[in-house]
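Understanding the architecture of this molecule
In case you want the letters, here they are:
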Amino acid sequence: MIEISGLAKKFKVENPKKLSEQDKKDPRLAGRFFHSVKDVSLRCEKGQVLGLLGPNGAGKTTTLRLLSTALHPDAGSIMIGDTDVVNDPVSARKKIGFLSGSTGLYGRLTGRENIAYFGRLNGMSEEDIDARIQMLGETLDMLSFLDRRCETFSTGMKQKTSIARAVVHSPDVVVLDEPTTGLDIMAAKTVIDFIRDLKSQMIPVIFSTHHLEEVTELCDSVTVIDHGETTFDGSLEQFKALSGDGLHASFMASLKQGVK
Ligand SMILES: Nc1ncnc2c1ncn2[C@@H]1O[C@H](COP(=O)(O)OP(=O)(O)OP(=O)(O)O)[C@@H](O)[C@H]1O
């Protein structure tokens with residue numbers, strides 16, 4: 001189970017002139033600080049898939065980076081089971097598989113070498129790494145290109161390799177930041193099937209997306225973040241019930257109504 005409550009994170013704005021026009025007008029900008037995440041709470045039970053939705057700049061990536069220990073929050077708590085992520089990030093990191101939108105692969109290493117390197121960082125034996133890569137290679141349909149250098153990879157090949165790398169150590173929970181963005185239909189389907197497979201193993205998954213059809217297909221619960229605050233956190237059924245007019249209308253309603 002993953003439980004986040006009252007999460008907040010602000011960034012010091014070094015050069016206000018460099019802010020985007022959207023950020024300059026954003027009420028989260030206060031003096032020299034931009035309060036990217038102001039009050040985010042969510043809950044994802046064992047074996048559930050949670051879809052994190054929100055407009056551009058809402059604070060989804062910042063929330064997921066806080067959850068994955070890449071950032072330290074200013075306020076709030078994050079629990080994975082009985083592990084306190086904020087106060088014990090080293091233990092928490094072993095439990096989390098995190099796909100960030102920005103992690104690069106080592107271009108001169110093969111896909112297999114990139115994944116194996118992370119396995120070693122996580123203290124896995126060579127035997128376990130080999131077996132795990134074989135399994136992930138099959139599930140993510142990567143066997144045909146695993147032994148090529150990553151610098152030759154397509155976007156889809158890179159994303160599959162990044163996902164395999166994120167979960168090589170068999171984490172208890174998986175956190176994916178926009179895992180299907182930029183992928184073609186076949187690669188996106190493989191990633192969706194992979195998330196479904198994690199769910200069947202009772203591994204909770206939190207992923208951010210702008211694709212509402214992925215939410216219908218995969219999610220048990222939905223959290224909407226708007227301007228750094230949770231405006232909806234509930235089951236897919238409750239989310240659908242926000243409007244009788246489809247998921248897009250539910251999303252719009254979740255922003256307007258500020259339903260908690
Ligand atoms: N290091 C930083 N310094 C200053 N502002 C930041 C920093 N990181 C993020 N922000 C701002 O915080 C806000 C939230 O950003 P974040 O990337 O979390 O949004 P998002 O919901 O993931 O957006 P998108 O859907 O576009 O990926 C944005 O306005 C962004 O410009």
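This text gives an overview of the structure that appears in the document.

Criteria and thresholds
Residues numbered from 1 in each chain as written. Predicted model: local features only at pLDDT ≥ 70, side-chain atom pairs only at ≥ 80, totals over all residues. Helix = DSSP H or I, 4+ residues; strand = E, 2+ residues; numbered from the N terminus. Rg over C-alpha atoms; globule rule 2.2 N^0.38 Å. Buried ≥ 20, exposed ≤ 12 C-beta atoms within 10 Å, placed from the backbone. Contact = placed C-beta atoms within 7 Å. Core = buried A, V, L, I, M, F, W, Y, C linked by C-beta atoms within 7 Å. Near = placed C-beta within 6 Å. Nonpolar A, V, L, I, M, F, W, Y, C, P; charged D, E, K, R; others polar. Pairing = 2+ DSSP bridges. Expected span 1.5 Å × (residues − 1).

With that settled, the discussion passes to the overall build of the chain. Per the secondary structure count, the chain includes ten helices and eleven strands. On C-alpha atoms alone, the chain measures out to a radius of gyration of 19 Å, which is about the 18 Å that the 2.2 N^0.38 rule sets for 260 residues. Seen through its principal axes, the chain has C-alpha atoms that stretch 50 × 45 × 35 Å. The burial tally for the chain puts 42% of its 260 residues in the buried class. The long-range share in the chain, meaning contacts at least 24 apart out of those at least 6 apart in sequence, stands at 70%.

Moving on to the nonpolar core. Formed by 61 residues in total, the largest nonpolar core has its most connected members in Ile163, Ala164, Val174, Val175, Val205, Ile206 and Val222. Excluding residues within four positions of it along the chain, Ala164 makes contact with Ile115, Leu136, Leu140 and Met142.

Time to look at the site of the ligand. Around the ligand there are 13 residues in total, and Phe11, Ser36, Asn56, Thr61 and Thr62 lie nearest to it. The residue inventory of the shell around the ligand, partitioned by class, reads four nonpolar, seven polar and two charged.

With that out of the way, let us pick up the pairing of strand β7 (residues 96-99). Residues Ile96 and Phe98 line one face of β7 and the alternating positions Gly97 and Leu99 line the opposite face, and both faces are buried. In terms of strand pairing, β7 meets strand β8 (residues 173-177) through four bridges, oriented parallel. Following the sheet pairing, Phe98 is matched in β8 by Val175.

Time to look at the environment of Lys189. Locating Lys189 in the fold gives a position in helix α7 (residues 185-200). In this structure Lys189 comes out as partly exposed when scored by C-beta crowding, with 13 C-beta atoms within 10 Å. Separated by 25 residues in the primary sequence, Lys189 and Glu214 place their C-alpha atoms 9.9 Å from one another.

We now examine the environment of Pro55. Positionally, Pro55 belongs in the loop between β4 (49-53) and α2 (60-67). Residue classification places Pro55 among the partly exposed residues on the basis of 15 C-beta atoms within 10 Å. Along the sequence, Pro55 and Thr209 sit 154 residues apart, while their C-alpha atoms lie 9.9 Å from each other.

A few words on helix α6 (residues 155-167). An ideal rise of 1.5 Å per residue puts 18 Å on 13 residues; α6 measures up with 19 Å between its terminal C-alpha atoms. Across the 13 residues that make up α6, a large majority, twelve, are buried. Turning to α6, its buried residues number three or more, namely Gly156, Met157, Lys158, Gln159, Lys160, Thr161, Ser162, Ile163, Ala164, Arg165, Ala166 and Val167. As for α6, its buried residues are in contact with β7, α4 (111-121), α5 (126-139), β8 and α7.

By the bridge criterion, five bridges tie strand β1 (residues 2-12) to strand β5 (residues 75-80) in an arrangement that is antiparallel. Looking at β5, one finds that Ile4 is bridged to Ile78. As paired elements, β5 and strand β6 (residues 83-84) share two bridges and run antiparallel to each other. Residue pairing for β6: Ile80 is matched across the bridge by Thr83. Here β5 folds back onto β6 in antiparallel fashion, the turn holding two residues, of which Gly81 has a positive phi close to 60°.

By themselves, these observations are geometric and do not establish any function.
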